[in-house]
Amino acid sequence: MYRRIYLWAFGALLLCLGAVQARLDAQEFKLFDRTVQVHGFASQGFVYTNDNNWLTMNTSEGSGAFTDFGLNMSTRLAERLRVGAQVYDRNLGQLGQYHPSLDWAVADYRFQRWLGFRGGKVKTELGLYTDSQDQDFVHTFALLPQSVYPTDLRDATIAHLGGDVYGTVSVPHRLGDLSYTAYAGHRSDSIYSGYSYLFSQYAVYFKSYGGLQYGADLRWTTPLKGLLIGGSRLNENITGKGVAINPSSTSLALFPYVESSKADWTNQFYGQYAVGRLKIDSEYRRYWRDQFIYGETSENTTDVRGWYVSGAYRICQRLALGAYYSRYTIASIITGELGPYYVDQTNTGLPANHIYDKVITARVDLNKFWNMKVEGHFMEGYGNSEYPDGFYPQVNINEFKPNTNALVLKTSFSF
Amino acid sequence: MKSLNLLLVLSGLMAAASLAAATDDLKIVANKNIGADSISAAELKSVFLEESIRFAGTSVEPVLEDKGAVHETFLKEYLGKDANNLETYYRTLVFNGRGSMPKTLHSDAEVLAYVAKTNGAIGYVSAAIKADNVKTLVVTSGRNRGERILLTRTDPEYPEILRKMHIGGMVRLRVTISAKGNVETAVLLGGNPILGENAITAVKRWVYAAGSLQTTVEVSIPFDPEH
């Protein structure tokens, strides 16, 4: 019922945006003598795969269950104080399921160029695109490289409830600018995210998933025009709570389930060269995760590594072409009581432990507010392990095929 | 005297030849409440990228044009981005809660009117346009205002005959400032040579705040025949 209402609302929104797109520049109004800006976006995708269902959708038959939208308002309350908030909602196959969330809600106080504070629910600065991964309209690609920006796991890194210290300083001797962000806060995943969904196959049903996260990002805008390099570090202490069926018991009774971090960190390094119409990006992310699972009876360590190189070139104002190569590997080991039931997955050369994705894309901007994308993915491997990355056994009931080709069509509005 | 007239005619021809280029030249305009006569290129970039919200003790608001040669030149010369990249930049700010869409207007006249009536507004217009109710900021190439602050500025003489012939445009100088703040040398980098000579004469009278080292900056001075 709700899904139908959302689809109708989304369709109506698309029609309205199409009808009034020429007047979308003026999205502000006065409230108590303050100018309030209103901005929004909506995107709709369609994915078809030749083998394997992808991203929890029934893509082997073609799926359009790939929708998201957001709406924000912001204003400047005082010279240095800005406030705003954004609501976000999405449906991606079995994920999201149109449960709206507060994407960000921020009070931002900027003392100087070199020092500012943000508080509230704040987008997390991790690599080049973690904070903008939902913003289809700013990217050439319909799907960012999934080795580093898995869309099924967006909740894991998108925002934290806490605070940031940030700023930009000029490096002496005209050596460019250094921008820094340091943050701490609480991460809270939707129970409709990829990790929760993956664990439902083990009869583990999360009711909450999240915890402390803190980290920093440092990026150097070098004196070489268009060259940016940087690094990010994220530490987390996560607890997941829910109910589960004991896998080593013959009983089907549900018992309380807890898993918690022993060690949980992410390192990400990146570089970007953007000059004129050309943009080249490259990033490397390593996610190390050591969890106590089923209380503290067992321990699961996963070592997720991903990197990509992408290039995009704007042929003309309305057409951009791009390509990337994305490489993802995972190694997973379970020890303790559950150890005998699982085989160590440490051979990253196996299709079950990697995804190598070659991608080509074309983006057409119909106008300033509306774009369409056509993208081809040529994937080797399916990376199915105790931590997800796009391929889930629940929607691939027959065994996984080693290779998957995907056609992605996507359109988005923003104003 | 004949040689001077010949020089004037030649320079007039040169100016005419470069008229198309001159129309692309721009000047930085600001509301008169801004307490500065100059702005460094780095400060200008910082204001337009919404990294800085204050300049010269005043809250500032960047004002852009939506298209045109002046707009393209400004983006390329001062922000190092093309229009698409800048749009992406602002959208990323807006949708991450880190900034707002700047005021974007459709013509020089609209920019001038908005800047004139809005405290703290800074924009850019064609160098050839008459700008009465705003102040024109000299753009220096220093990294930031803290390095060398212009204390005393003398406007260059605009030869009446050139003004009547509508010969104008932007003159660019490389200026060496002593540690004490005096202008030691000024070298013409671009623009009409006669206007350049007058600009050099004026700039040599400028006084900057004392600094720790001798500094070289680039200064752009507009000559507006209508103003």
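This one's a predicted model, so the numbers in the text were calculated from it and none came from an experiment.

### With respect to the overall build of chain A
Okay, step 1: The secondary structure content of chain A amounts to 2 helices and 17 strands.
Okay, step 2: In terms of C-alpha radius of gyration, chain A reaches 22 Å, essentially the compact-globule figure of 22 Å for 415 residues.
Okay, step 3: C-alpha extents for chain A along the principal axes are approximately 65 × 45 × 45 Å.
Okay, step 4: The 415 residues of chain A split such that 43% are buried.
Okay, step 5: When contacts within chain A are restricted to residue pairs at least 6 apart in sequence, long-range pairs at least 24 apart make up 62% of them.

### Topic: the overall build of chain B
Okay, step 1: Of the regular secondary structure elements, chain B holds 8 helices and 13 strands.
Okay, step 2: Classification of the 227 residues of chain B by burial places 41% in the buried group.
Okay, step 3: When contacts within chain B are restricted to residue pairs at least 6 apart in sequence, long-range pairs at least 24 apart make up 73% of them.

### Let's talk about the interface of chain B and chain A
Okay, step 1: The interface is formed by 22 residues belonging to chain B together with 28 residues belonging to chain A.
Okay, step 2: Mapped by element, the contributors of at least two residues to the side of chain B that touches chain A are α3 (41–48) and α5 (83–95) of chain B.
Okay, step 3: The element contributing the most residues to the side of chain B that touches chain A is α5(B), with 7 residues.
Okay, step 4: By residue class, the composition of the side of chain B that touches chain A is 5 nonpolar, 12 polar and 5 charged.

### So, the nonpolar core
Okay, step 1: Counting residues in hydrophobic clusters, the biggest one holds 53 residues, and the most contacted among them are I28(B), V29(B), A30(B), V115(B), V125(B), V175(B) and V203(B).
Okay, step 2: For this core, the leading source of residues is strand β10 (residues 169–177) of chain B, giving 5 residues.
Okay, step 3: Filtering out sequence-adjacent residues up to four positions away, A30(B) remains in contact with V115(B), A121(B), I122(B), V134(B), K135(B) and L137(B).
Okay, step 4: W54(A), L55(A), F66(A) and Y149(A) belong to the second-largest nonpolar core, a separate cluster that totals 42 residues.

### Thoughts on the confidence of the model for chain B
Okay, step 1: Here chain B averages 83 in pLDDT, while 85% of its residues score no lower than 70.
Okay, step 2: Predicted confidence for residues 6–24 of chain B stays below pLDDT 50, and this span has 15 contacts to residues more than four positions away or in other chains.

### What about the pairing of strand β4 (residues 81–92) of chain A?
All names here are of chain A.
Okay, step 1: Here strand β3 (residues 66–78) runs beside β4; their pairing, made up of 12 bridges, is antiparallel. Pairing of M73 across the sheet is with A85, part of β4.
Okay, step 2: Hairpin connection, β3 to β4: the antiparallel pair is bridged by 2 residues.

### Concerning the pairing of β3(A)
Okay, step 1: Bridge analysis of strand β2 (residues 34–49) of chain A against β3(A) gives 9 bridges, and the strand direction is antiparallel. Bridge pairing links G40(A) to L71(A) in β3(A).

### Considerations on α5(B)
Okay, step 1: Taking 1.5 Å of rise per residue, 13 residues should cover 18 Å, and α5(B) covers 18 Å from first to last C-alpha, within 8% of that figure.
Okay, step 2: Taken residue by residue, α5(B) has T88(B), Y90(B), R91(B), V94(B) and F95(B) as its buried positions. One side of α5(B) holds all its buried residues, which, seen down the axis, span an arc of 170°.
Okay, step 3: Of the surrounding secondary structure, the elements contacted by the buried residues of α5(B) are β2, β3 and β17 (403–414) of chain A.
Okay, step 4: Of the residues flanking the end of α5(B), it is G97(B), one or two places downstream, whose phi is positive at about 75°.

### Regarding the environment of T73(B)
Residue and element names in this part refer to chain B.
Okay, step 1: Relative to the assigned elements, T73 resides in helix α4 (residues 69–79).
Okay, step 2: The class for T73 is partly exposed, based on 15 C-beta atoms found within 10 Å.
Okay, step 3: Along the backbone, T73 and L26 are 47 residues apart, and their C-alpha atoms lie at a distance of 7.9 Å.

### Side note on the environment of R327(A)
Okay, step 1: Along the polypeptide, R327(A) turns up in strand β14 (residues 319–336).
Okay, step 2: Contact partners of R327(A), with chain neighbours within four places excluded, come to S147(A), G306(A), W307(A), Y308(A) and Y356(A).

### Regarding the confidence of the model for chain A
Okay, step 1: When the pLDDT values of chain A are averaged, the result is 92; 93% of them are 70 or greater.
Okay, step 2: The secondary structure element of chain A with the lowest average pLDDT is helix α1 (residues 2–20) of chain A, at 53, and the one with the highest is strand β16 (residues 370–380) of chain A, at 98.

### Quick look at the environment of F66(A)
Residues and elements named next belong to chain A.
Okay, step 1: Mapped onto the elements, F66 comes out in strand β3.
Okay, step 2: Distance in space between the C-alpha atoms of F66 and R110 is 37 Å, their sequence separation being 44 residues.
Okay, step 3: Once residues within four sequence positions are removed from consideration, F66 is found in contact with Q44, G45, F46, V47, M57 and L92.

Procedures and definitions
Residues numbered from 1 in each chain as written. Chains lettered and ligands numbered in written order. Predicted model: local features only at pLDDT ≥ 70, side-chain atom pairs only at ≥ 80, totals over all residues. Helix = DSSP H or I, 4+ residues; strand = E, 2+ residues; numbered from the N terminus. Rg over C-alpha atoms; globule rule 2.2 N^0.38 Å. Buried ≥ 20, exposed ≤ 12 C-beta atoms within 10 Å, placed from the backbone. Contact = placed C-beta atoms within 7 Å. Nonpolar A, V, L, I, M, F, W, Y, C, P; charged D, E, K, R; others polar. Core = buried A, V, L, I, M, F, W, Y, C linked by C-beta atoms within 7 Å. pLDDT = per-residue confidence, 0-100. Pairing = 2+ DSSP bridges. Expected span 1.5 Å × (residues − 1). Arc of directions from axis to C-beta.

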